[in-house]
Amino acid sequence: SSNINILGIETSCDDTGCAIINGNGKVLSEAIHSQHLMHLRYGGIIPDIAQDLHRQYMEPTVSKTLQDAKLTMEEISAIAVTLKPGLPLSLAVGMKYAKHLGRRYDKPIIPIHHMQAHALVARMHHNISFPFLVLLISGGHCLLAVVQDVSHFQLLGESMDCAPGEVFDKVARKMKLKNVPEYSKICGGQAVEEAAAKATNPNMFKLPLPLAEYKDCNFSLNGLKTSVMYHLHRKEVEHKVVAHELIPEVNDLCAAMLMATTRHLVHRTQRAMEFCQENKLISEKNKQLVVSGGVACNNYIFSALQLLCNETNYQIYRPFPKLCTDNGVMIAWNGLEKWKKGLDITPVTDFNTLDIE
Ligand code: KG4
Ligand code: ZN
């Protein structure tokens, strides 16, 4: 299997990611072009701009990845590319380029589900067997699932409104965190984590525990976001802050928000563990929880989940931070896992089945 090389392409949101993995699961090269700073300037992702930037960076990112791996397209076995979910305009760029390469060099395409890739990449550096429980938390998603196999996921619950990363990003923007020089170039979630670490009195803000009465595994973060926005506004009025100023309690409010979000994520994960036990979805002898997606980079959230896992006898796994956020490696890895099992390998003659909705 050492002469197998899988090229992975990811363009579902605002990162143009690419990587090559060989048959032994070794990353030969990887490249990522992030549009983060550009979108920060506009206060959010503008789909048309994201598409233009993907178009601009797609070819150079793939070329650089091939060059760094000292490989040519002839030596690639298959192209793994994100099919869904994501921004349709962004997804289309990666898929279109993958089809172009596939036709030109007669290579099959392996379509990849972005969320499955986030979950499975944990198996790259850790010995995790099927089935396992996964908590995926990012800027676009929030879900709990049992991963039965490479392409068999059983969804247990998901967010009924927004995702945690989205809440952090929106609140960080309203708080004007990027006006603090040390936070000017990092994402909202990371800025919130760093500000929260400096808090002295987070308990001055009371925030609700969403869905406390419900026994299912769904999430809801909208109420929490609204409460935080309310406290922020209240303090802005109280202190008469102007244009670029932050409220003096900004660190405490970040900590309160992070603590409340964590409480909710832990509560739902605990519920999922109970559900798995009741329905015998996870073996009592091999309880494993994978946490992935951009928000999994958060050490406060991860530590709280670690405590839960200590109590419930679960092993907890988290990919390296670089693999938690969007990247090409997870797409190539998922491609390799599918290649080994002969799943979804689509020859050039069937490319018409790979349309982005
Ligand atoms: O997985 P990802 O790169 O893209 C999506 O698929 O959404 O996740 C990006 C999200 C952003 O919302 C960002 O604010 C959040 O992950 N994030 C964090 C941290 N690092 C990134 N949230 C909380 N704490 C962090 N340290
Ligand atoms: Zn993602």
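Residues numbered from 1 in each chain as written. Chains lettered and ligands numbered in written order. Predicted model: local features only at pLDDT ≥ 70, side-chain atom pairs only at ≥ 80, totals over all residues.

Participant: Explain the UniProt feature "domain: Gcp-like" (unreviewed entry) in the chain to me, please; I cannot follow it from the model alone.
Facilitator: Mapped onto this numbering, the UniProt entry gives "domain: Gcp-like" (unreviewed entry) at residues 26–333. For residues 26–333, the end-to-end C-alpha separation is 9 Å, with 47% helix and 16% strand making up the annotated structure. (UniProt positions renumbered as here; feature names shortened; annotations may be inferred. Helix = DSSP H or I, 4+ residues; strand = E, 2+ residues; numbered from the N terminus.)

Participant: Is there a simple way to think about the sheet that holds strand β1 (residues 5–10) in this case?
Facilitator: Sheets are built from strands that pair by backbone hydrogen bonding, the pairs being arranged parallel or antiparallel. Spatial ordering of the open sheet is given by β3-β2-β1-β4-β5, a layout of five strands whose pairing is mixed. The outermost strands of the open sheet, each flanked by one partner alone, are β3 (27–34) and β5 (109–113). The average angle at which neighbouring strand axes cross in this sheet is 20°, direction not considered. Note: strand β4 (residues 78–84) against β5, five bridges, orientation parallel. By the bridge assignment for β5, Ala-80 is matched with Ile-110. (Pairing = 2+ DSSP bridges. Axes fitted to C-alpha atoms, helices over the stretch in contact; angles between N-to-C directions.)

Participant: Which parts of the structure should I look at to understand the nonpolar core?
Facilitator: In summary, soluble globular proteins display a tendency toward joint burial of nonpolar side chains. Grouped together as the largest cluster of nonpolar side chains are 101 residues, with contacts concentrated most on Ala-80, Val-81, Cys-254, Met-257 and Ala-332. Ranked by residue count, the leading element in this core is helix α8 (residues 250–278), at 12 residues. Other than its neighbours up to four places away in sequence, Cys-254 contacts Val-192, Ala-195, Ala-196 and Ala-199. (Core = buried A, V, L, I, M, F, W, Y, C linked by C-beta atoms within 7 Å. Buried ≥ 20, exposed ≤ 12 C-beta atoms within 10 Å, placed from the backbone. Contact = placed C-beta atoms within 7 Å.)

Participant: Any chance you could explain the packing of α8 against helix α9 (residues 299–312) here in plain terms?
Facilitator: Axes are the key here: two packed helices are described by the angle between their axes and the distance separating the axes. It is the contact of α8 with α9, at a shortest axis distance of 10 Å, that shows an interaxial angle of 30°. In terms of orientation, α8 lies roughly parallel with respect to α9. You can see that α8 and α9 cross each other, and the crossing is right-handed. In contact with Leu-258, Thr-262, Leu-265, Val-266, Thr-269, Gln-270 and Met-273 of α8, α9 contributes Tyr-300, Ile-301, Ala-304, Leu-305, Leu-308 and Thr-312. Counted by class, the contact of α8 with α9 contains nine nonpolar, four polar and no charged residues. (Parallel < 35°, antiparallel > 145°, perpendicular 65-115°, else oblique. Left-handed = near helix turned anticlockwise from the far one by under 90°. Nonpolar A, V, L, I, M, F, W, Y, C, P; charged D, E, K, R; others polar.)

Participant: So what exactly am I meant to see when it comes to the pairing of β1 here?
Facilitator: Side chains on a regular strand alternate between the two faces of the sheet. Within β1, six of the six residues are buried, leaving the element largely enclosed by the surrounding structure. Turn length for the β1-strand β2 (residues 15–22) hairpin, with the two strands adjacent in sequence and antiparallel, is four residues. In this sheet, β4 lies alongside β1 in parallel orientation, the contact comprising four bridges. Across the sheet, residue Gly-8 finds its bridge partner in β4, namely Ala-80.

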